[in-house]
Amino acid sequence: MSESDLLSRHRAVLPSWLALYYSEPIEIVRAQGRRVVDADGNTYLDFFAGILTNAIGYDIPEISGAIRAQVDTGVLHTSTLYLIRKQVELAERIAGLSGIPDAKVFFTNSGTEANETALMLATQYRRSNQVLALRNSYHGRAFATIGVTGNRGWSASALSPVKVSYVHGGYRYRDAFRGLSDADYVKACVADLRDVLETTTSGDVAALIAEPIQGVGGFTVPPDGLFTAFKEVLDEYGILFISDEVQTGWGRTGEHFWGIGAHGVTPDAMTFAKGLGNGLAIGGVVARAELMDSITAKSISTFGGNPVATAGAKATLDYLLDHDLQGNAAKLGQSLLTGLREIGERHDVVGDVRGKGLMIGVEFVEPGGDPSPAAARAVLEQTRARGLLVGKGGLHDNVIRLAPPMTLTETEAAEALGILDSSIGAI
Ligand code: PMP
């Protein structure tokens, strides 16, 4: 009752393009651990975590305590016109964790702003407005970030301050090089990159921006080593490499702390957001000092890296390192992948199961192999009816995305697998 009333008020005053999940959208009013409760009192195991953002889970005393302690000082905000101790400490931690030599950090409020900043840095540093991006990418909702977003469903406008050329390597399951071995796929993508550079640019490109695993694009995973091979070509031209770690950062992929770790290359810049604040609005860029300092005009983010967000982010980072949540993501991610592949073998509607760590995509198909957004929609509803929240995405909106908090337990992973099995069976 209360939710349907809220839905009509939502529709009356919020934009039509602000998509809601479920035929009967829910309002989450309480949460603890990995479980959330809606306004009708239904409890759900949360396997989407506010779009990978509640990285540790809900109501974590260490994180809530750190935020409360900051609130108790009376200082919610000062602006960066004044020293912010926690911002400096957090920047030191992130610079150290980045693996980027001589790194500096700039804090923003979102992933979009982080990527806008990285693109600004790269284009200024290189004095070029040309940028490379991957097909099927998602990098944000502002003009430059929409420009490098290779997914029509999320491209609100073609207006862009950057001139973008798209390369292959994003959505292997359905792209032109589908079916090739890992080595041949990498070779084909590298040849495409060279061709794109030679035919669509003047050579002096500023940067390539890429998600190591595409998030909105449906958790698509390139072969390890793709970006290693790309980096060799980029280095020939002096083109910078920006890794968008908004979804893949902080150990979520299990194997590595940053998604790009799977490729053994050090980017010139990395962008981050989502999981860092465990729900608080914080994002940023970590980049080589020379690149970060290449802007000569003044620039500021009024709220970026504010005392509350940085207090929460520091506590989140401490928690995930102290509890080896990357290790947990690796272990439980593997058991989820194995379980889902076994479920997939029993159901023709499952075309592909892929991912790393706690970033797993299940792609749904029609009998002939065409994308089946209807099946993904049905699974979304069925899992919800059985007490599990999952995400959806992919170019064709036919991929179910699983990305629970990294504190997930074995029992919860087994529970989710059971619900997914019966939900897929039911459709
Ligand atoms: N980059 C990636 C890889 C993302 O997944 C997102 C958000 N889905 C963004 C950037 C934009 O982040 P935000 O929504 O915080 O602006």
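Residues numbered from 1 in each chain as written. Predicted model: local features only at pLDDT ≥ 70, side-chain atom pairs only at ≥ 80, totals over all residues. Heavy atoms only, no water.

A. Representation of the domain arrangement of the protein in the model. Domain annotation for the protein reports domain 1 (3-60 + 324-426) and domain 2 (75-322). Averaged C-alpha coordinates put domain 1 and domain 2 at centres separated by 25 Å. Counting residues at the interface gives 41 residues for domain 1 and 34 residues for domain 2. Roughly 3,000 Å² is buried in total at the junction of domain 1 and domain 2, and carbon and sulfur atoms are behind 56% of that figure. If you look at where domain 1 meets domain 2, you find three salt bridges. Across the pair Asp224 and Lys356 runs a salt bridge whose closest N-O atoms are separated by 2.5 Å. For the pair domain 1 and domain 2, the interface holds 21 residue pairs in polar contact (both at pLDDT 80 or more). Listed by contribution, the elements that provide at least two residues to the side of domain 1 that touches domain 2 are helix H2 (49-52), helix H11 (325-346), strand E11 (350-356), strand E12 (359-364) and strand E15 (399-402). It is E11 that provides the largest number of residues to the side of domain 1 that touches domain 2, a total of five residues. Each residue belonging to the side of domain 1 that touches domain 2 can be placed in one class, and the counts come to 20 nonpolar, 14 polar and seven charged. (Domains from an automatic or database assignment. Contact = heavy atoms within 4.5 Å. Buried area = accessible area lost by both parts, 1.4 Å probe. Salt bridge = Lys/Arg side-chain N within 4 Å of Asp/Glu carboxyl O. Polar contact = N/O pair within 3.5 Å; in protein donor to acceptor, adjacent residues only side chain to side chain. Helix = DSSP H or I, 4+ residues; strand = E, 2+ residues; numbered from the N terminus. Nonpolar A, V, L, I, M, F, W, Y, C, P; charged D, E, K, R; others polar.)

B. Molecular detail of the packing of helix H4 (residues 85-98) against helix H10 (residues 307-322). Following both chains from N to C, one finds H4 and H10 inclined at 40°, their axes separated by 9 Å at the closest point. Between H4 and H10, the angle is such that the two are oblique. Both H4 and H10 take part in a crossing whose hand is left-handed. Here Lys86, Gln87, Glu89, Leu90, Arg93, Ile94 and Leu97 of H4 lie close against H10, whose contacting residues are Pro307, Thr310, Ala311, Ala313, Lys314, Leu317, Asp318 and Leu321. (Axes fitted to C-alpha atoms, helices over the stretch in contact; angles between N-to-C directions. Parallel < 35°, antiparallel > 145°, perpendicular 65-115°, else oblique. Left-handed = near helix turned anticlockwise from the far one by under 90°.)

C. Molecular detail of empty space enclosed by the protein. For the structure on display, the rule yields two cavities of 30 Å³ or more. In this model, the largest cavity occupies a volume close to 60 Å³. What lines the largest cavity is Pro212, Ile213, Val221, Pro222, Asp224, Thr253, Glu255, His256, Gly259, Ala262, His263 and Lys356. Counted as a void, the second largest cavity has a volume near 40 Å³. If you go around the second largest cavity, the residues you meet are Leu52, Ala55, Val246, Gln247, Gly249, Trp250, Arg252, Lys274, Gly275 and Met406. Here the residues of the lining of the second largest cavity sort into five nonpolar, three polar and two charged. Domain assignment of the residues forming the lining of the second largest cavity places at least three in each of domain 1 (3-60 + 324-426) and domain 2 (75-322). (1 Å grid on protein atoms, 1.4 Å probe; cavity = no way out; pocket = protein on both sides within 12 Å on 5 of 7 lines; lining within 4 Å. Points joined across faces, edges and corners; volume = space filled by probe spheres on them.)

D. Local environment of the site of the ligand. Taken together, the neighbourhood of the ligand is formed by 13 residues, with Gly111, Thr112, Asp244, Gln247 and Lys274 sitting nearest. Interatomic distance of 2.9 Å between a backbone N/O atom of Gly111 and an oxygen atom of the ligand. Between the ligand and Lys274, the relevant distance is 3.1 Å, taken from a nitrogen atom to a side-chain nitrogen or oxygen of the residue. In the complex, the protein chains occlude 84% of the 400 Å² of accessible area that the ligand would expose alone. If one sorts the elements of the shell around the ligand by residue count, helix H5 (residues 111-126) sits on top with three residues. (Near = heavy atom within 4 Å. Areas by Shrake-Rupley, 256 points an atom, 1.4 Å probe, with all protein chains shown as cover.)

E. Examining the environment of Tyr22 more closely. Tracing the chain through its elements places Tyr22 in the loop between helix H1 (2-13) and strand E1 (28-32). The class for Tyr22 is buried, based on a relative accessible area of 11%. Each C-alpha atom, one on Tyr22 and one on Glu381, is 6.2 Å from the other, the two residues being 359 residues apart in sequence. Excluding residues that lie within four positions of it along the chain, Tyr22 makes contacts with Leu380, Glu381, Arg384, Leu388, Leu389 and Val390. (Buried < 20%, exposed > 50% of the residue type's maximum accessible area, 1.4 Å probe, protein only.)

F. Region of interest: the sheet that holds strand E13 (residues 388-389). In space, the four strands of this open sheet follow the order E1-E2-E3-E13, with mixed pairing throughout. Of all strands in the sheet, those bounded by a partner on one side alone are E1 and E13. Two strands pair when backbone bridges link them, and strand E2 (residues 35-38) and strand E3 (residues 43-46) are joined in this way by three bridges, in the antiparallel orientation. Its bridge partner lying in E3, Val37 is registered against Thr43. (Pairing = 2+ DSSP bridges.)

G. Highlighting a nonpolar patch on the surface. Taken together, Val13, Leu14, Trp17 and Leu18 make up a surface patch of nonpolar side chains, about 450 Å² in accessible area. Looking at where Trp17 falls in the secondary structure, it is placed in the loop between H1 and E1. According to the relative accessible area criterion, Trp17 is exposed, its value standing at 64%. (Patch = residues over 30% accessible without salt bridge, like charges linked within 9 Å, V, L, I, M, F, W, Y side chains within 5 Å.)

H. A look at the side chain of Glu211. Within the secondary structure, Glu211 is located in the loop between strand E7 (207-210) and helix H8 (226-237). There is no salt bridge for the buried Glu211, and the closest opposite charge comes from Arg401, which lies 7.3 Å off by N-O distance. In terms of polar contacts, Glu211 uses its side chain to reach the backbone amide nitrogen of Tyr138, at 2.9 Å. Those residues within four positions of Glu211 in sequence are excluded, and the remaining contacts are Ser137, Tyr138, His139, Val216, Phe227 and Asp244. (Lys, Arg positive; Asp, Glu negative; His and termini not counted.)

I. View of the sheet that holds strand E4 (residues 103-108). Across the sheet, which stays open at both edges, the seven strands sit in the order E4-E10-E9-E8-E7-E5-E6 with mixed pairing between neighbours. The open sheet has two free edges, formed respectively by E4 and strand E6 (163-167), since each of these has just one partner strand. Adjacent strand axes in the sheet meet at a mean angle of 20° when their direction is disregarded. Both strand E5 (residues 130-134) and E6 contribute to a ladder of five bridges, which runs parallel. Looking at the pairing, Leu132 lines up with Ser165 of E6. Running at roughly 180° to strand E8 (residues 240-244), H5 makes contact with E4, E5, E7, E8, strand E9 (269-272) and strand E10 (283-288) of the sheet.

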